[in-house]
Amino acid sequence: QVQLVESGGGLVQAGGSLRLSCAVSGRTFMNYAMGWFRQAPEKEREFVATISWTGVSTNYADSVKGRFTISRDNAKRTVYLQMNSMKAEDSAVYYCAAATCHRVVVTSAQWYDYWGQGTQVTVSS
């Protein structure tokens, strides 16, 4: 079993930055893809970023490309999402997820089998 706990959310001004962290616990090694998703009020959960098991390959949603960076430190069992140049449209609950049956990047939520509880990110104008 894998447990995921997000942290680092909060209130930030437009143009500012936040870094989210996802702490991973459990018996398994981190030899699987990880991802970040977000869900704004009255909207479906959407893909934000994903990273392969070694951290070599990444993929991003077009809406965050060039502004957000996903990274991982398997020794610390932690995945990060650095968010820069934030916009009001980035306001959402952000979820960390693990796709334990995949090592390459995965953008579809259906292949993620473990999810954190989410952390709120609010961007003010």
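Residues numbered from 1 in each chain as written. Predicted model: local features only at pLDDT ≥ 70, side-chain atom pairs only at ≥ 80, totals over all residues. Heavy atoms only, no water.

Points about the sheet that holds strand β7 (residues 68–73)
Spelled out, the test is: Here a strand pair is declared whenever DSSP counts at least two bridges between the two strands. Secondary structure elements follow DSSP: runs of H or I of four or more residues count as helices, runs of E of two or more count as strands, with numbering from the N terminus. Lines fitted to the C-alpha atoms define the axes, with helices restricted to the stretch that makes contact. Angles between their N-to-C directions range from 0 to 180 degrees.
If you trace the 4 strands from one edge of the open sheet to the other, you get β1-β3-β8-β7, paired in antiparallel fashion. The open sheet is flanked by β1 (2–7) and β7, the only strands paired with a single partner. Recorded for the sheet is a direction-independent mean angle of 15° between the axes of neighbouring strands. Examined bridge by bridge, strand β3 (residues 18–26) and strand β8 (residues 78–83) share 6 bridges and lie antiparallel to one another. Each bridged residue has a counterpart across the sheet, and for Cys 22 the counterpart in β8 is Val 79.

A word on the side chain of Thr 119
Short version of the rule: Working rule for contacts: check all heavy atoms of both residues, and any pair within 4.5 Å makes them a contact.
Structurally, Thr 119 can be placed in strand β11 (residues 119–124). Contact partners of Thr 119, with chain neighbours within four places excluded, come to Glu 6, Ser 7, Gly 8, Gly 9, Leu 20, Ala 92, Val 93 and Tyr 94.

Digging into the state of the cysteines
Heads up, the rule is: In this description, a disulfide is simply a cysteine sulfur pair whose atoms lie within 2.5 Å. Three exposure classes are used, based on accessible area relative to the maximum for each residue type with a 1.4 Å probe and protein chains only: buried under 20%, partly exposed in between, and exposed over 50%.
According to the stated counting rule, one finds 1 disulfide in the structure shown. Residue pairing for Cys 22: its cysteine sulfur links by disulfide to Cys 96, the two sulfurs lying 2.1 Å apart. Between Cys 22 and Cys 96 the disulfide shows an S-S torsion of about -80°. By sign, it is left-handed. On the criterion of sequence distance, the pair formed by Cys 22 in strand β3 and Cys 96 in strand β9 (residues 92–99) is long-range, its members being 74 residues apart. Of the residues examined, Cys 96 reaches a relative accessible area of 0% and is grouped as buried. Sulfur of Cys 101: no disulfide; nearest cysteine sulfur belongs to Cys 96 and is 16 Å away. The exposed category is assigned to Cys 101, whose relative accessible area is 68%.

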